[in-house]
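These are the residues of each chain, in order.
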Amino acid sequence: KYLHLLLKWNKIYNLTAITDPQEIRIKHFEDSLACLPFLPKPCRLLDIGTGAGFPGIPLKIENPNLEVVLLDSQRRKIAFCEAVIRELKLKEITAIQGRAEKKETREKLGPFDAVVSRATFSIGDFLTASAIFSSTLKLSITEPPKIARKSPVSILSTASSSFSLTPAPQAF
């Protein structure tokens with residue numbers, strides 16, 4: 001149903017450049033799950049620059065125990081995420097319009113156990129933007145920019161700011 005909604009809304013709102021359903025399954029849905037094994041349990045998760053809900057919504061669908069906040073600066077993307085949340089009857093997931101770097105956004109959202117983003121920032125900018133949400137943050141990035149995309153890659157960073165590249169698990 002999420003795929004159907006994405007294709008329908010994409011005709012009007014240009015949510016993704018990828019329009020082939022099989023490519024969407026691989027490049028959006030499957031890639032979004034690459035960080036799932038690295039998330040702490042329990043987990044309050046922030047998805048910065050969520051766009052059409054990637055990776056936050058697929059992570060929530062795969063692990064209903066996650067508490068997820070989807071954050072994006074564009075109202076049309078948040079409206080789409082809200083429609084998906086409603087249609088799929090997802091609980092403990094909210095879509096918020098705002099910017100991670102704004103003080104009022106940080107104060108409104110509070111701390112998180114993990115922060116994810118897909119190709120929204122450089123790694124340095126991502127670490128800076130996400131580190132402010134918790135001093136004990138476990139960070140995960142899927143599909144980071146400027147890394148050759150031969151296979152899905154996860155970058156994992158602990159609070160000590162060390163990170164390593166690991167092949168993403170093959171979920172499907």
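Note that the structure is a prediction, hence the values are computed from the model and not measured.

Visitor: Could you give me a rundown of the overall build of the protein chain, with the residues and numbers involved?
Guide: In terms of helices and strands, the protein chain carries six helices and seven strands. Along the protein chain, from the amino end to the carboxyl end, the secondary structure elements read α-α-β-α-β-α-β-α-β-α-β-β-β. Once local pairs closer than 6 in sequence are excluded, the contacts in the protein chain between residues at least 24 apart make up 58%.

Visitor: Account for the nonpolar core, naming residues and giving values.
Guide: Membership of the largest hydrophobic core comes to 30 residues, with the highest contact counts inside it found for Leu45, Ile57, Leu59, Leu70 and Phe80. Examining the composition of this core, we find that five residues originate from one element, helix α4 (residues 75-87), more than from any other. Ignoring any residue separated from it by four or fewer positions in sequence, one finds Ile57 in contact with Tyr2, Ala52, Leu70, Cys81, Val84, Leu90 and Ile93. Listed in part, the 14 residues of the second largest apolar core include Leu46, Val69, Ile96 and Phe126.

Visitor: Any details on the packing of helix α1 (residues 2-13) against α4? Residues and values, ideally.
Guide: Taken N-terminus to C-terminus, the directions of α1 and α4 make an angle of 155°; their axes are 11 Å apart at the nearest point. Taken together, α1 and α4 sit at an angle that is classed as roughly antiparallel. In the packing of α1 onto α4, the handedness of the crossing is right-handed. Where α1 approaches α4, its residues Tyr2, Leu5, Leu6, Trp9 and Tyr13 are matched on the opposing element by Arg76, Ala79, Phe80, Ala83, Val84 and Glu87. Of the residues contributing to the contact of α1 with α4, the split by class is nine nonpolar, no polar and two charged.

Visitor: Outline the pattern of salt bridges, supporting the account with residue identities and numerical values.
Guide: Where charged atoms from two side chains of opposite charge approach closely, those side chains can pair. Evaluation of the coordinates by the stated rule reveals six salt bridges. Among the salt bridges present, the one from Glu67 reaches Arg44, with a minimum N-O distance of 3.0 Å. Taken together, the residues Glu67 in strand β2 (residues 67-72) and Arg44 in strand β1 (residues 44-48) connect sequence positions 23 residues apart. Given the relative accessible area of 31%, Glu67 is considered partly exposed. Ionic pairing is found between Glu101 and Arg99, a salt bridge with its closest N-O pair at 2.7 Å.

Visitor: Tell me what's going on with the environment of Ala34, and back it up with residues and numbers.
Guide: Summarising the element assignment, Ala34 is placed in the loop between α2 (21-32) and β1. Ala34 gets classed as buried once you look at its relative accessible area, which sits at 2%.

Visitor: So what's going on with the packing of aromatic side chains? Residues and values would help.
Guide: Counted under the stated rule, the structure contains seven aromatic pairs. For the ring pair Tyr2 and Phe54, a centre distance of 5.4 Å and an interplane angle of 15° mean the geometry is stacked. In this pair, Tyr2 is assigned in helix α1 and Phe54 in the loop between β1 and α3 (56-62), connecting sequence segments 52 residues apart. The interplanar angle of 65° and the centroid separation of 5.4 Å between the aromatic rings of Trp9 and Phe80 together place this pair among those described as edge-to-face. Pair noted here: Trp9 is in helix α1 and Phe80 is in helix α4, with a separation of 71 residues, a long-range link.

What counts as what
Residues numbered from 1 in each chain as written. Predicted model: local features only at pLDDT ≥ 70, side-chain atom pairs only at ≥ 80, totals over all residues. Heavy atoms only, no water. Helix = DSSP H or I, 4+ residues; strand = E, 2+ residues; numbered from the N terminus. Contact = heavy atoms within 4.5 Å. Core = buried A, V, L, I, M, F, W, Y, C linked by side-chain atoms within 4.5 Å. Buried < 20%, exposed > 50% of the residue type's maximum accessible area, 1.4 Å probe, protein only. Axes fitted to C-alpha atoms, helices over the stretch in contact; angles between N-to-C directions. Parallel < 35°, antiparallel > 145°, perpendicular 65-115°, else oblique. Left-handed = near helix turned anticlockwise from the far one by under 90°. Nonpolar A, V, L, I, M, F, W, Y, C, P; charged D, E, K, R; others polar. Salt bridge = Lys/Arg side-chain N within 4 Å of Asp/Glu carboxyl O. Phe/Tyr/Trp six-rings, centres within 6.5 Å; stacked < 30°, edge-to-face > 60°.

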